[in-house]
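What follows is the residue order along each chain.
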Amino acid sequence: MKKKQIEGYTYVDGGVCAAKGFVANGLNCGINPDKNKNDLGMIYSVTLCDAAAVYTQNKVKGAPVVVTKNNLEKSGAKAQAVIVNSKNANTCNANGIEVAEEVCKLTAAELKIQPEQVIVGSTGVIGQPMSVEPFAAAMADLAAGLSVEGHDAAATAIMTTDTVKKEVAVEFEIDGKTCRLGGMAKGSGMIHPNMATTLNFVTTDVAISGEMLQKALSEIVKVTYNCLSIDGDTSTNDMVSVMANGMAGNDKIVEEGKNYKIVKQALHMVMEYMTMMLAADGEGASKFLECSCDGAPDQETAIIVAKSVIRSPLVKCAMFGEDANCGRILCAIGYAEADVDVSKIELELASENDAITTYKDGFSIDFSEEKAAEILKEKELYIRIHLHQGEASAKAWGCDFTYDYVKINGDYRS
């Protein structure tokens, strides 16, 4: 997957520690019995941050989602630390809220901040009892090991069925000040977001108000994370949070304008690439899929059509089988809840280096099955839909369905 290259922005290393003033760490605290795997991560800013977040819209919400939302409301959208664990989602537990709140208190006490300034997250199996004891036993070591180099340990601490850690960061300038924005994400299955997906944490040293940060985050989520579908399941613990500590030294952004657009573009680049990494690492995936829809009458239509195709199990299976059965794609367009003139649809299958048109004016056309087969052998596939009904466009991301997806989810608790 190629990173989007935009003039004025440079990709840098460091993930959530790329921005000035942020440190992180991760370790195994015993939630995961495999001592070789980190299961507890922390991100900390040396100064208080303006913060924003978006959460799952699943009616069954993990206790950390509820507690984080309450914390940010109490603190006035301020935060200074993230504490997050894997292996146990702390969801559907009778004492879940109590445990999540206690974890925030333990974190705050160790870092000498207020509990409501802590963002707490959990991921893993739903419905398993959760104890504060592993957190309490590991908190001192976790905090003592915080460092600029700790982003790697934190990123691996949130992995569940992920096969690779997911980090990205960019550098840019605002009024002559060097700024950075970076993030880490986790997610491989149970991904079909309706406001967020998986667990995603973003940090920046830009000075920007919580209100502007929330506005940018909410708008970008719509065209990045919300356009991702691995398997059609919206998780109970989905969360995206952003913390901005202002240490870059720019004049604080409190309204829309040139500097707001610069930050928003950086946030979009980071969130879009993390979305693509999540798609490529879908459970059991063998192929990364991107569906683009252009020529739509409005962006909402483009999003609905692209998402309908990317979440179709039959389309996913066809891509796994390297079968140019594009009738499945037209079918998914046809049942999308959008006003589409099917008589104008043009469809392409593409790889990084080649493409073939399979439908035009809503009808199948003759095409080379051999060429299509060569394209579909590639690991990164692009489904391009041209509606010829307007100027709007959107993209959605996902992966194929493989035998391994069923194997992974057939014994997920083990």
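For the structure, check the block above.
Engineer: Could you give me a rundown of the nonpolar core, with the residues and numbers involved?
Structural biologist: In this structure, Phe172, Ile383 and Ile385 are the most contacted members of the largest nonpolar core, which totals 82 residues. Looking at this core, the element that brings in the most residues is helix α6 (residues 258–280), giving 14 residues.

Engineer: Give a detailed account of the environment of Asp354, specifying residues and quantitative values.
Structural biologist: Examined against the element boundaries, Asp354 turns out to sit in the loop between β12 (346–350) and β13 (355–360). With 21 residues separating them in the primary sequence, Asp354 and Ile375 have C-alpha atoms 6.7 Å apart. Leave out the neighbours within four places in its chain, and Asp354 touches Leu349, Lys371 and Ile375. Within the structure, the side chain of Asp354 is placed 3.5 Å from the side chain of Lys371, a separation counted as a polar contact.

Engineer: Requested: an account of the sheet that holds strand β14 (residues 363–364), with residues and values cited.
Structural biologist: Sheet architecture is open: seven strands sit in the order β9-β16-β11-β15-β12-β13-β14, paired in mixed fashion. Of all strands in the sheet, those bounded by a partner on one side alone are β9 (228–229) and β14. Pairing of strand β11 (residues 288–296) with strand β15 (residues 380–386) involves seven bridges; the strand directions are parallel. Across the sheet, residue Cys293 finds its bridge partner in β15, namely Ile385. Packing of α6 onto the sheet brings it into contact with β9, β11 and β16 (392–399), and relative to β16 it is tilted by some 40°.

Engineer: Give me helix α1 (residues 63–75): which residues, what numbers.
Structural biologist: Taking 1.5 Å of rise per residue, the 13 residues of α1 would be expected to cover 18 Å, and the 18 Å separating its terminal C-alpha atoms lies within 8% of that figure. For α1, the complete set of buried residues consists of Ala63, Pro64, Val65, Val67, Thr68, Asn71, Leu72 and Ser75. Lining the buried residues of α1 we find β3 (40–55), β4 (78–85), α2 (96–111), β5 (118–122) and β10 (239–244). One or two positions beyond α1, positive phi appears at Gly76, with a value near 75°.

Engineer: Before we move on, could you go through the pattern of salt bridges and cite the residues and values that matter?
Structural biologist: In a structure, side chains of opposite charge can pair up when their charged atoms sit close to one another. In the structure shown here, the tally under the stated rule is 16 salt bridges. Salt-bridge contacts for Glu167 lead to Lys165; the nearest nitrogen and oxygen are separated by 2.8 Å. The class for Lys165 is partly exposed, based on a relative accessible area of 34%. In this structure, Lys371 engages Asp354 in a salt bridge whose closest nitrogen and oxygen atoms are separated by 3.5 Å. Here Lys371 is found in helix α10 (residues 369–376), whereas its partner Asp354 is found in the loop between β12 and β13, with 17 residues between them in sequence. For Lys371, a relative accessible area of 33% puts it in the partly exposed group.

Engineer: Please set out the packing of helix α7 (residues 299–310) against helix α9 (residues 327–335) residue by residue, giving values where relevant.
Structural biologist: Where α7 contacts α9, the two axes come as close as 8 Å, and the packing angle between them is 135°. Taken together, the axes of α7 and α9 lie oblique to each other. Two packed elements cross with a definite hand, and for α7 against α9 that hand is right-handed. Touching Val305, Ser308 and Val309 of α7 are Ile329, Ala332, Ile333 and Tyr335, all from α9. Residues of the contact of α7 with α9, tallied by class, amount to six nonpolar, one polar and no charged.

Engineer: Describe the packing of aromatic side chains, and please don't skip the residues or the numbers.
Structural biologist: Under the criterion given, the structure shown has three aromatic pairs. Measuring from ring centre to ring centre gives 5.7 Å for Tyr9 and Phe172, while their planes differ by 40°; the resulting arrangement is tilted. Separated by 163 residues along the polypeptide, Tyr9 in the segment before β1 (10–12) and Phe172 in strand β6 (residues 166–174) bring together distant segments of the chain. Residue Tyr9 is classed as buried on the basis of its relative accessible area of 12%. For Phe172, a relative accessible area of 2% translates into the label buried. Aromatic side chains Phe288 and Tyr382 sit 6.4 Å apart centroid to centroid with 75° between the ring planes, which places their arrangement in the edge-to-face category. Of this pair, Phe288 sits in strand β11 while Tyr382 sits in strand β15, placing them 94 residues apart in sequence. Exposure class is identical for Phe288 and Tyr382. Each is buried. Over the aromatic face of Phe401 sits the side chain of Lys316, whose NZ or CZ is 5.4 Å from the ring centroid.

Engineer: Let's hear about unusual backbone geometry: which residues, and what values?
Structural biologist: You will see that Ala77, though not glycine, has its phi angle at about 65°, which is positive. Residue position: Ala77 is located in the loop between α1 and β4. Residue Glu322 is not a glycine yet carries a positive backbone phi of 55°. As for its position among the elements, Glu322 is in the loop between α8 (313–320) and α9. Under the relative-accessibility criterion, Glu322 is labelled partly exposed at 34%.

Criteria and cut-off values
Residues numbered from 1 in each chain as written. Predicted model: local features only at pLDDT ≥ 70, side-chain atom pairs only at ≥ 80, totals over all residues. Heavy atoms only, no water. Core = buried A, V, L, I, M, F, W, Y, C linked by side-chain atoms within 4.5 Å. Buried < 20%, exposed > 50% of the residue type's maximum accessible area, 1.4 Å probe, protein only. Helix = DSSP H or I, 4+ residues; strand = E, 2+ residues; numbered from the N terminus. Contact = heavy atoms within 4.5 Å. Polar contact = N/O pair within 3.5 Å; in protein donor to acceptor, adjacent residues only side chain to side chain. Pairing = 2+ DSSP bridges. Axes fitted to C-alpha atoms, helices over the stretch in contact; angles between N-to-C directions. Expected span 1.5 Å × (residues − 1). Salt bridge = Lys/Arg side-chain N within 4 Å of Asp/Glu carboxyl O. Parallel < 35°, antiparallel > 145°, perpendicular 65-115°, else oblique. Left-handed = near helix turned anticlockwise from the far one by under 90°. Nonpolar A, V, L, I, M, F, W, Y, C, P; charged D, E, K, R; others polar. Phe/Tyr/Trp six-rings, centres within 6.5 Å; stacked < 30°, edge-to-face > 60°. Lys NZ or Arg CZ within 6 Å of the ring centre and 35° of its normal.

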